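# Tertiary structure, described
These are the residues of each chain, in order.
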Amino acid sequence: MSEIQRHSIQLPDSLSQQLQGFRAHLRRTKVMESLGIACLGVLAGYLAVFLIDRFVDLPTWGRWTAWLAAFASVATIPIWVERWILRYRSHASLARLMTDKMPSMGDSLLSAIELASNPQEQKRSPALCQAALDQVAQVASTKDLTQAAPESHHKRWWSLAGLMAALALGLGLVYPQASANSFARFAAPWSKIPRFTF
C-alpha cells in the first residue's frame, strides 16, 4: 500500500448521507415536475380537440398542432433527466448547485469534497484534513440541505393535470362515443377519422 493510500480520508458518513438525500430530493421533485408537465400537455391537447370538434370539424393541421404540443410536453422528460439527474451525479456538482441558495454551505461542502479527493493534501496533514471535514459535517448536520434545491412546481403541474384528468374522465362517462372519437382523432392526426356529431 502506498503512502498516499494509507492517508486516504473520505467524507464523513453523515455528510455523504446528507448529499445523497439532497440528490434523491432533487431527482424526485424534478422528475415529478416533468411528468406533471407531460400529463398536462397530453390531457390539454385531447380536451382541446374534444372541445373544438363539438363546434367545427377540426382540420388536420389543427389536430397536428394539438399533437405536437402534447409531444413537446412529453419531450420534457428526457430533457429534465439530463438537466437534473445526469448533470448532478457527483457530490461536487451537488455542492455547486447548493451555492445558489446557500452560498456559504455550498462553498464549504465543495471545499470539503475537494479536500477528500486530494490525496496529496491529505498526505501533508491528515489530522488537519480530518478535522476540517468533521467541522463541515458538523455544520451541515444542523442544516436541511433540501432547502438549497431549486424551486420545483411539480405540485402546481400535478394539480392542473388532476383537474384536466377529472374533466376528461367526466366527459368520457357522459359522452363516451364523442370522447373516444376525439381521442382517436387527437392521437392520430394524420388519420381521416370523421368527427363524431351528436
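For clarity, every value in this text was computed on a predicted model and none was experimentally measured. (Residues numbered from 1 in each chain as written. Predicted model: local features only at pLDDT ≥ 70, side-chain atom pairs only at ≥ 80, totals over all residues. Heavy atoms only, no water.)

### Things to note about the confidence of the model for the chain
Scored by pLDDT, the chain comes out at a mean of 89, with 96% of its residues at no less than 70. The weakest mean pLDDT in the chain belongs to helix α1 (residues 3-6) at 42; the strongest belongs to helix α3 (residues 60-74) at 96. Contacts for the low-pLDDT stretch residues 1-7, under 50 throughout, to residues beyond four places or in other chains number eight contacts. (pLDDT = per-residue confidence, 0-100. Helix = DSSP H or I, 4+ residues; strand = E, 2+ residues; numbered from the N terminus. Contact = heavy atoms within 4.5 Å.)

### Focus: the side chain of Arg-23
Mapped onto the secondary structure, Arg-23 falls in helix α2 (residues 13-53). For the buried Arg-23, no salt bridge is present, and the opposite-charge side chain at shortest range is Asp-13, 13 Å distant. Separated by 3.4 Å, the side chains of Arg-23 and His-91 make a polar contact. If we skip the residues at most four places from it in the chain, Arg-23 touches Tyr-88, Arg-89, Ser-90, His-91 and Leu-94. (Buried < 20%, exposed > 50% of the residue type's maximum accessible area, 1.4 Å probe, protein only. Lys, Arg positive; Asp, Glu negative; His and termini not counted. Salt bridge = Lys/Arg side-chain N within 4 Å of Asp/Glu carboxyl O. Polar contact = N/O pair within 3.5 Å; in protein donor to acceptor, adjacent residues only side chain to side chain.)

### Here we look at the packing of aromatic side chains
For the structure shown, the criterion picks out eight aromatic pairs. When the centroid spacing of 6.5 Å and the interplanar angle of 55° are considered together, the rings of Tyr-46 and Phe-50 count as tilted. With Tyr-46 and Phe-50 both in helix α2, this residue pair falls four residues apart, about one helical turn. Each member of the pair, Tyr-46 as well as Phe-50, carries the same accessibility label: buried. Cluster of aromatic residues (ring-pair linked, three or more members): Tyr-46, Phe-50, Phe-183 and Phe-186. Over the ring of Phe-50 we find Arg-54; its NZ or CZ atom is 4.8 Å from the centre of that ring. The ring of Trp-84 has Arg-83 lying over it, and the distance from NZ or CZ to the ring centre is 4.1 Å. (Phe/Tyr/Trp six-rings, centres within 6.5 Å; stacked < 30°, edge-to-face > 60°. Lys NZ or Arg CZ within 6 Å of the ring centre and 35° of its normal.)

### Describing the packing of α2 against helix α8 (residues 126-140)
Remark: α2 packs on α8, axes separated minimally by 9 Å, with the N-to-C direction vectors making an angle of 50°. By the angle between their axes, α2 is oblique relative to α8. For the pair α2 and α8, the sense of crossing is left-handed. Here α2 contributes Ser-14, Leu-15 and Gln-18 to the contact with α8, which in turn contributes Val-136, Ala-137 and Ala-140. (Axes fitted to C-alpha atoms, helices over the stretch in contact; angles between N-to-C directions. Parallel < 35°, antiparallel > 145°, perpendicular 65-115°, else oblique. Left-handed = near helix turned anticlockwise from the far one by under 90°.)

### As for the pattern of salt bridges
Oppositely charged side chains are able to pair whenever their charged atoms sit close together. Within this structure, the stated rule accounts for four salt bridges. Between Lys-30 and Glu-33 there is a salt bridge, with its nearest N and O atoms 3.2 Å apart. Of this pair, Lys-30 and Glu-33 both sit in helix α2, three residues apart, roughly one helical turn. Between Arg-185 and Asp-53 there is a salt bridge, with its nearest N and O atoms 2.7 Å apart. Within this pair, whereas Arg-185 is found in helix α10 (residues 176-187), its partner Asp-53 is found in helix α2, the two being separated by 132 residues in sequence. The buried category is assigned to Arg-185, whose relative accessible area is 2%.

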